[in-house]
Amino acid sequence: MGMVSNIKLSTVVPATVSDENNVHELTNMDLVMKLHYIHGVYFFTSEAVQGLSIQDLKKPMFPLLDLYFMASGRVKRSETGRPFIKCNDSGVRIVEAKSDKTIDEALAMEDHSFHDGLAYHQALGPDLSFSPLVFIQFTWFKCGGMCMGLSWAHVLGDAFSASNFINMWGQIISGNKPTKRLHVANPGKSKFPPSTRKKATSIKRVDPQGDFWKTTSNCRLETCYFQVHEKQLHHMVTKICAREYQAAKVSHFDVLSAVIWKYLCDIREEIGPSTVTICSNKKPNWENEFPSNGMVISIVEADLSGVKDDLWQVVKLIAEKRVGENSLIEEMVENENGEVDCIVCGANLTLLNLEEAKVYGLEINGHRPIFANYVINGVGDEGAVLVLPGPINGKGEGGCGNGLMVTVVLPESQISLLKCKLERDWNIV
């Protein structure tokens, strides 16, 4: 755990007993994501958490789990072997820890993999029926501040679902009564055309994992994040897209993704076609929505070896030329009765558009986090890039108009070279 000590574990269960026959069926997209885990960290000043005890922090969990009853369940297998969640009120795991650092010292660390210590991680299995799907960690710093860490099994839902879950906890601790029920997500139709391919190229098969849902990369991956301020975004858009930006339906995510994709192609000395996987939100980030893996998974292929300064062409590729793969993936899982072991994040370089995720929607005692971030665990060798809202002036009022936070999970040597290119060309450090 490194930066934390005095770890204590406990369990919180729903306030009311669930029906003994209550189950949560896992969709095909849920099962595709089962080897990935989402980690979120939220840093609060001493002023925000002053006077709060661990019991005060646990108390809202009871009504929260009445809503998110599937989060306190455990994975079982049907007679056919297909996994599902038995909603048996086994609970979520609460972790208490202390750090001998201040928040400022923690955030100033060059090693940005501190998520591993502040968001307790334990892969599902090898006994699935005893493995919690959610861990919530409260780490107290010597300055009196606190970090709330979330470890969320991706099989439950995507990062939008995870952030909505923790934001609901914030509403309850602030005295707002939770909604009696969650809205079932309406996936709608993807805006991207269905794939004409016979095989999904956005996923990668891995060795059979059985009941231990954990996989490792063939190389050492590191985590790094950097904030792209609003002025830097404006400069990037102006230089790359010029006047075409307003007329074209491209986003800051498209522009940032084009830059990072091109830079990584150069770093990796890739010659010929290159493929990226893009995960994007296909609907507004509705609150109080039933957890789901509802992101659109699509791919873009291009030969960037001949692209020099004209990054606008890459931006347009990312914005317009995507090939949706959800239907292909779902069909594959259905044909194999859910017994599929694969990765999405890192099968190709994976770009996740989380601009609309309300990662600064968590509030305690009227205070929002001074810093919040998310990362994906279980990423493959090709790496992943998460584009999230960034804080404004360190006050926790995050949003797309306040700059963006980019979190990358890549081989260590590639991270250092990527940072050099971003600092040289865009003054991003």
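Participant: Could you give an account of the sheet that holds strand 16 (residues 371–377), with specific residues and numbers?
Facilitator: The mixed open sheet is built from six strands, whose spatial order is 1-6-7-8-3-16. A strand with exactly one partner marks an edge of an open sheet, and here the two such strands are strand 1 (5–12) and strand 16. Taking the axes of each pair of neighbouring strands and ignoring which way they run, one obtains an average angle of 15 degrees across the sheet. With seven bridges joining them, strand 3 (residues 37–44) and strand 16 adopt antiparallel strand pairing. Opposite tyrosine 37, over in strand 16, you have asparagine 377 as the bridge partner. Against the sheet, helix 7 (residues 159–173) touches strand 3, strand 7 (134–140), strand 8 (146–153) and strand 16, its axis set at about 135 degrees to strand 8.

Participant: Please give an account of the pairing of strand 3 that cites residues and values.
Facilitator: Where burial is concerned, most of strand 3 is hidden: eight out of the eight residues are buried. Alternating residues of strand 3 divide into Tyr37, His39, Val41 and Phe43 and Ile38, Gly40, Tyr42 and Phe44, and every residue in both groups is buried.

Participant: Explain the confidence of the model for the chain to me, and be specific about the residues and the numbers.
Facilitator: Summary statistics for the chain give a mean pLDDT of 87 and a share of 90% for residues scoring 70 or more. With pLDDT under 50 throughout, residues 394–400 is counted as low confidence; its partners more than four residues away or in other chains account for 17 contacts.

Participant: How would you sum up the side chain of glutamate 222? Please name residues and give values.
Facilitator: Structurally, glutamate 222 can be placed in strand 10 (residues 221–228). Note on glutamate 222: relative accessible area 14%, which makes it buried. Here arginine 220 takes part through its side chain, which lies 2.7 Å from a polar atom of the side chain of glutamate 222. Setting aside residues up to four positions removed in sequence, glutamate 222 forms contacts with Asp111, Val408, Val409, Leu410, Glu412 and Ile415.

Participant: Run through helix 13 (residues 412–426), naming residues and quoting values.
Facilitator: Taking 1.5 Å of rise per residue, the 15 residues of helix 13 would be expected to cover 21 Å, and the 21 Å separating its terminal C-alpha atoms lies within 8% of that figure. Within helix 13, the full set of buried residues consists of Gln414, Ile415, Leu418, Lys421, Leu422 and Trp426. For helix 13, the buried positions fall inside an angular range of 130 degrees around the axis, keeping them on one side. Taken from the residues just after helix 13, asparagine 427 is the one with a positive phi, measuring 60 degrees.

Participant: I'd love a proper account of the nonpolar core, names of residues and values included.
Facilitator: One finds Val134, Ile136, Phe138, Met148, Phe165 and Tyr374 to be the most contacted residues of the largest nonpolar core, which totals 98 residues. A per-element tally of this core places helix 7 first, with eight residues. Contact partners of phenylalanine 165, with chain neighbours within four places excluded, come to Leu64, Leu65, Tyr68, Ala71, Val134, Ile136, Leu150 and Trp152. In this structure, Val237, Val307, Val315 and Ile415 belong to the second largest nonpolar core, which totals 45 residues.

The rules we used
- Residues numbered from 1 in each chain as written.
- Predicted model: local features only at pLDDT ≥ 70, side-chain atom pairs only at ≥ 80, totals over all residues.
- Heavy atoms only, no water.
- Pairing = 2+ DSSP bridges.
- Helix = DSSP H or I, 4+ residues; strand = E, 2+ residues; numbered from the N terminus.
- Axes fitted to C-alpha atoms, helices over the stretch in contact; angles between N-to-C directions.
- Contact = heavy atoms within 4.5 Å.
- Buried < 20%, exposed > 50% of the residue type's maximum accessible area, 1.4 Å probe, protein only.
- pLDDT = per-residue confidence, 0-100.
- Polar contact = N/O pair within 3.5 Å; in protein donor to acceptor, adjacent residues only side chain to side chain.
- Expected span 1.5 Å × (residues − 1).
- Arc of directions from axis to C-beta.
- Core = buried A, V, L, I, M, F, W, Y, C linked by side-chain atoms within 4.5 Å.

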